[in-house]
Amino acid sequence: MRALVNKIIPFSAVDGPGNRTSVFLQGCNMNCRYCHNPETRKVCIGCGDCISACPTGALFWTRDKSGQKVGYDPDKCVLCDTCIHVCSHDASPRIQEMTPQEVYDRVARQIPFIRGVTVSGGECTLYPEFLTEFFQICKENGLGTLIDSNGTLDFKEYPKLLTVTDGVMLDIKAFKEDDHRTVTGISNRIVLDNCRYLASLGKLYEVRTVVVPGLFDAEGTVRSTAAMLRPYQKIQPIRYKIIAFRPMGVREEYSGYPVPDSALMESLEKIAKTEGMGTVIVV
């Protein structure tokens, strides 16, 4: 069993409680206009445009049973991002196919300086069986486990995964279905179902909304999300992270969206608290 790993950040203080190692898997089933990691969205198609552009020779042609593909030597890579800038496919060639044990072996280098692991993407729940096995190894070694997800996996169908998952950090990109289609290209019915289901199990650690003025109804999203989660706070406290859109790292065609001002962010924080969210984080 293998997954496509985009990168592993040894130490992160923003991906859950305490110091954590964050694992980013490749591939996503949404097309968020404001995506801040667009190079994680798709899988490399092997066009080779990045090979000649790489200044250190970290990328090269190789071959396996599936045919010719772009190879990657992390020891030669200086993380200059040239390959990402020249890619016209919203992908990255700096991907490694890894087993759950191989990923854990990388994580284990940080023990005892981390509290747990968080797996993100892309959309990490495209690999539910991989996550289940990886989290099982982490739990056996005393590490906490969090999923950072867009909420499109039907978690009801994966009870074994939830057994070894401490919590889910869930994106509520927009509350109204039409708004969600505008932002991501797909419906959010399964997202809201998952939100309520995970909250009922005490597995919803955090919900997050990125605020992009003019793109969708941010006030309505925050108000409705907080109100929806109010009854579940007695099961397990859920925090709301409200994130201001910033143009750094987004695709060029979507870089012109305005950055929300502090007055808007403060008003959204007040709405979330008024509707019952005990912990609201504005960033």
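These notes cover the structure that comes with them. (Residues numbered from 1 in each chain as written. Predicted model: local features only at pLDDT ≥ 70, side-chain atom pairs only at ≥ 80, totals over all residues. Heavy atoms only, no water.)

### Looking at the overall build of the chain
Broken down by element type, the chain carries 9 helices and 11 strands. What you see for the chain is a C-alpha radius of gyration of 19 Å, in line with the 19 Å of a compact globule of 283 residues. C-alpha extents for the chain along the principal axes are approximately 55 × 45 × 35 Å. As presented, the chain carries roughly 13000 Å² of accessible surface, and 50% of it is formed by carbon and sulfur atoms. On the chain, the mean spot of the 33 positive side-chain charges and the mean spot of the 33 negative ones are 3 Å from each other. (Helix = DSSP H or I, 4+ residues; strand = E, 2+ residues; numbered from the N terminus. Rg over C-alpha atoms; globule rule 2.2 N^0.38 Å. Areas by Shrake-Rupley, 256 points an atom, 1.4 Å probe, with all protein chains shown as cover. Lys, Arg positive; Asp, Glu negative; His and termini not counted. Charge placed at Lys NZ, Arg CZ, Asp CG, Glu CD.)

### Regarding the packing of aromatic side chains
Per the counting criterion, the structure on display carries 4 aromatic pairs. Residues F130 and F134 carry aromatic rings whose centres are separated by 6.3 Å and whose planes lie at 25° to one another, so their mutual orientation is stacked. Of this pair, F130 and F134 both sit in helix 4 (residues 128-140), 4 residues apart, which is roughly one turn of that helix. Considered together, F130 and F134 belong to a single accessibility category, that of buried residues. Measuring from ring centre to ring centre gives 6.4 Å for Y254 and Y257, while their planes differ by 5°; the resulting arrangement is stacked. Side by side, Y254 and Y257 carry an identical accessibility label, which is buried. Positioned above the aromatic ring of Y197, the side-chain terminus of K156 is 4.8 Å from the ring centre. (Phe/Tyr/Trp six-rings, centres within 6.5 Å; stacked < 30°, edge-to-face > 60°. Buried < 20%, exposed > 50% of the residue type's maximum accessible area, 1.4 Å probe, protein only. Lys NZ or Arg CZ within 6 Å of the ring centre and 35° of its normal.)

### Some remarks on the pairing of strand 10 (residues 239-244)
Of all 6 residues that make up strand 10, 5 are buried, and the element is covered over most of its length. With 6 bridges connecting them, strand 9 (residues 204-211) and strand 10 associate as parallel partners. Of the residues in strand 10, the one forming a bridge with V210 is I243. Pairing of strand 10 with strand 11 (residues 279-282) involves 4 bridges; the strand directions are parallel. In the sheet register, K241 faces strand 11, and the bridge partner there is I281. (Pairing = 2+ DSSP bridges.)

### Section: the sheet that holds strand 6 (residues 116-120)
Read from one edge of the open sheet, 9 strands run 5-1-2-6-7-8-9-10-11, paired in mixed fashion. Of all the strands in the sheet, the pair left with one neighbour each is strand 5 (96-98) and strand 11. The mean inter-strand angle of the sheet, taken between neighbouring strand axes irrespective of direction, is 30°. Note: strand 2 (residues 20-25) against strand 6, 5 bridges, orientation parallel. Residue pairing for strand 6: T21 is matched across the bridge by V117. Against the sheet, helix 3 (residues 100-107) contacts strand 1 (3-12), strand 2, strand 5 and strand 6, and its axis sits at roughly 105° relative to strand 5. Contacts from helix 9 (residues 262-274) reach strand 9, strand 10 and strand 11 within the one sheet, and its direction differs from that of strand 10 by about 165°. (Axes fitted to C-alpha atoms, helices over the stretch in contact; angles between N-to-C directions. Contact = heavy atoms within 4.5 Å.)

### Comments concerning helix 6 (residues 177-184)
Since the α-helix turns once every 3.6 residues, residues separated by three or four places project in the same direction. Taken together, the buried positions of helix 6 are D179, H180, V183 and T184. Down the axis of helix 6, the smallest arc covering the buried residues is 110°, so these residues share one side. Tucked into the core, helix 6 has its buried residues touching helix 7 (189-200). Just downstream of helix 6 lies G185, where phi reads positive at about 95°. (Arc of directions from axis to C-beta.)

### Considering unusual backbone geometry
The bulk of non-glycine residues show a negative phi, and the bulk of peptide bonds are trans. With an omega of 10°, the peptide bond between I111 and P112 qualifies as cis. With respect to the helices and strands, the residue P112 is situated in the loop between helix 3 and strand 6. With an omega dihedral of 20°, the bond running from G121 to G122 counts as a cis peptide bond. Within the secondary structure, G122 is located in the loop between strand 6 and helix 4. Residue D81 is not a glycine yet carries a positive backbone phi of 70°. Tracing the backbone shows D81 in the loop between strand 4 (67-72) and helix 2 (82-86). Residue D81 is classed as partly exposed on the basis of its relative accessible area of 27%.

### Quick word on the pairing of strand 3 (residues 59-64)
Relative to strand 4, strand 3 is paired through 6 bridges, and the arrangement is antiparallel. By the bridge assignment for strand 4, R63 is matched with Q68.

### Considerations on the side chain of E39
Here E39 lies in the loop between strand 2 and helix 1 (49-53). Despite being buried, E39 has no salt bridge partner; K7 is the closest side chain of opposite charge, sitting 5.0 Å away. Apart from residues no more than four positions distant in its own chain, E39 is found in contact with N6, Q26, I84, D90, A91 and S92. (Salt bridge = Lys/Arg side-chain N within 4 Å of Asp/Glu carboxyl O.)

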